[in-house]
Amino acid sequence: MSENKVALVTGASRGIGKACAIELAKAGYDVAISYAGNDEAANNTIEELKSLNVNAKAYKFNVADKDACAKAVEEVLADFSKIDVLVNNAGITRDGLFMRMSAENWDAVINTNLSSAFYMTSPIIRTMIKQRSGCIINMSSIVGQYGNAGQANYSAAKAGLIGFTKSLAKELGSRNIRVNAIAPGFIQTDMTKDLDTEKMVEHIPLKRLGQPEDIAKTVKFLAEDATYITGQVIGVDGGLVI
Ligand code: NAP
């Protein structure tokens, strides 16, 4: 059995989650990743993780499905024996003006981005309480703090994650479990590939879009170094929101 710490990162076949998994593996973590359906991307990520000489395994399930999350967490605990760091990262967008927003698109975004954090965290929290340590990182967004036209569903989910983060931090601090959120700005991934980013960059003080690695380094900081930080929302947006 490996002595390494163990991280579980949801939505880590691609994009930000993948970069987080790699950064944690570089810091010596064994890594369990989750994904929705993209087997090829998940397999590639696992190969990259294993080349860093850590244990790594992928779990395919829908984070919006409570029972699937519980079953997957059970499997991860059976395979890795513990979870030290949980990154609730998986997310989707279903953008559209509110006037035309369907209940289906509302539910899909709330369930995948917000309820998923509840579904993943609840089966893990008991083991973190027992081991009297743990770190939970929730992937929010600047739009959860400031809103965005065309993203009422997504902004509501990301704002919900901030309330979830602060409440859990208060409940679990005495058990040495830290809970924080990250609020990325515009990060170059599949999620943002269709946006017209040229105009956006003009408004970003650092004059570039973020890279998944910019978020991953913050995840590693929160997991490894931020021993007195809990209940915070760390903006990683190139200064877009100042
Ligand atoms: P991405 O490139 O679209 O990747 C999404 C990841 O989530 C993939 O691994 C995908 O798995 C997985 N996923 C999607 N739906 C899922 C479901 N129902 N069950 C399980 N896994 C699911 O997205 P990203 O840009 O890296 O975003 C990651 C997180 O950061 C999201 O929460 C997003 O809201 C947040 N964020 C992103 C930005 C940005 O600018 N990109 C900004 C702020 C916040 P498959 O590969 O199998 O589909």
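Quick notes on the rules
- Along each chain, residues carry numbers from 1 onward, in the same order as the chain's sequence is written.
- It should be noted that, the model being predicted, local features are given only for residues of pLDDT at least 70 and side-chain atom pairs only at 80 or more, the latter also being counted only at that level, while totals for whole chains, interfaces and linings use all residues.
- Remark: hydrogens and water are excluded; side-chain values derive from all non-hydrogen atoms of the structure.
- Strands are runs of DSSP state E lasting at least two residues, helices are runs of H or I lasting at least four, and both sets are numbered from the N terminus onward.
- As a reference, a globule follows 2.2 Å times the number of residues to the power 0.38, and the radius of gyration itself is taken over C-alpha atoms.
- Partly exposed residues are those whose accessible area sits between 20% and 50% of the maximum for their type, while under 20% is buried and over 50% is exposed, using a 1.4 Å probe and protein chains only.
- Residue exposure ignores everything except the shown protein chains as possible cover, and the areas themselves are Shrake-Rupley values with a 1.4 Å probe.
- Structural elements are reduced to axes, namely lines fitted to C-alpha atoms, with helices fitted over the stretch in contact, and the angle between N-to-C directions of any two is expressed from 0 to 180 degrees.
- Relative orientations are named as follows: roughly parallel for angles under 35 degrees, roughly antiparallel for angles over 145 degrees, roughly perpendicular for angles from 65 to 115 degrees, and oblique for any other angle.
- We call a crossing left-handed when the near helix sits turned anticlockwise from the far one by less than a right angle, and right-handed when that turn is clockwise.
- Contacts are assigned to residue pairs that have any heavy atoms within 4.5 Å of one another.
- Classes in brief: Ala, Val, Leu, Ile, Met, Phe, Trp, Tyr, Cys and Pro nonpolar; Asp, Glu, Lys and Arg charged; the others, Gly included, polar.
- Put simply, a residue is near a molecule or strand once any heavy atom of it comes within 4 Å of that molecule or strand.
- Pairs of N or O atoms within 3.5 Å make up the polar contacts considered here, provided that, within protein, one atom can donate a hydrogen while the other can accept it, and that residues adjacent in sequence are counted only when both atoms are side-chain atoms.
- Cavities and pockets were defined on a 1 Å grid built from protein atoms only: a cavity is a group of points that admits a 1.4 Å probe but offers it no way out, a pocket is an open group of points flanked by protein on both sides within 12 Å along at least five of seven lines, and a lining residue is one with an atom within 4 Å of any such point.
- For a molecule to be placed in a cavity or pocket, more than half of its atoms must lie within 2 Å of the grid points of that cavity or pocket.

A. Region of the structure containing the overall build of the chain. Across its full length, the chain holds eight helices and seven strands. Over its C-alpha atoms the chain spans a radius of gyration of 17 Å, differing by no more than 12% from the 18 Å that the globule rule assigns to 242 residues. Here the chain holds 242 residues, and 47% of them are scored as buried. By element, 50% of the accessible surface of the chain is carried by carbon and sulfur atoms, the whole surface being about 12,000 Å².

B. Spotlight on the packing of helix H1 (residues 15-26) against helix H2 (residues 39-50). Here H1 crosses H2 at 15°, and the two axes come no closer than 10 Å. With respect to their mutual orientation, H1 and H2 come out roughly parallel. At the point where H1 passes H2, the crossing takes the right-handed sense. When H1 is examined against H2, the residues Lys18, Ala21, Ile22 and Ala25 are found in contact with a partner set consisting of Thr45, Glu48 and Leu49. Of the residues belonging to the contact of H1 with H2, the class tally is four nonpolar, one polar and two charged.

C. Examining the site of the ligand more closely. In the region of the ligand, 32 residues are neighbours, and Ser13, Gly37, Asn89, Tyr154 and Thr189 sit closest. A distance of 2.7 Å separates an oxygen atom of the ligand from a polar side-chain atom of arginine 14. In the complex, 93% of the free accessible area of the ligand, which totals 910 Å², lies under the protein chains. Among the detected pockets, the ligand sits in the largest pocket.

D. A look at unusual backbone geometry. At asparagine 53, a residue that is not glycine, the phi angle is positive and equals roughly 65°. Mapped onto the secondary structure, asparagine 53 falls in the loop between H2 and strand S3 (56-60). The backbone of lysine 207 shows a phi angle near 60°, a positive value even though the residue is not glycine. Assignment of secondary structure puts lysine 207 in the loop between helix H7 (197-202) and helix H8 (212-225). Look at lysine 207 and you get exposed, because its relative accessible area is 51%.

E. Layout of the side chain of asparagine 153. Turning to its location among the elements, asparagine 153 is positioned in helix H6 (residues 152-172). When its relative accessible area of 0% is taken as the criterion, asparagine 153 is described as buried. Ignoring anything within four residues of it in the chain, the contact list for asparagine 153 reads Arg94, Met101, Asn105, Trp106, Val109 and Ile110.

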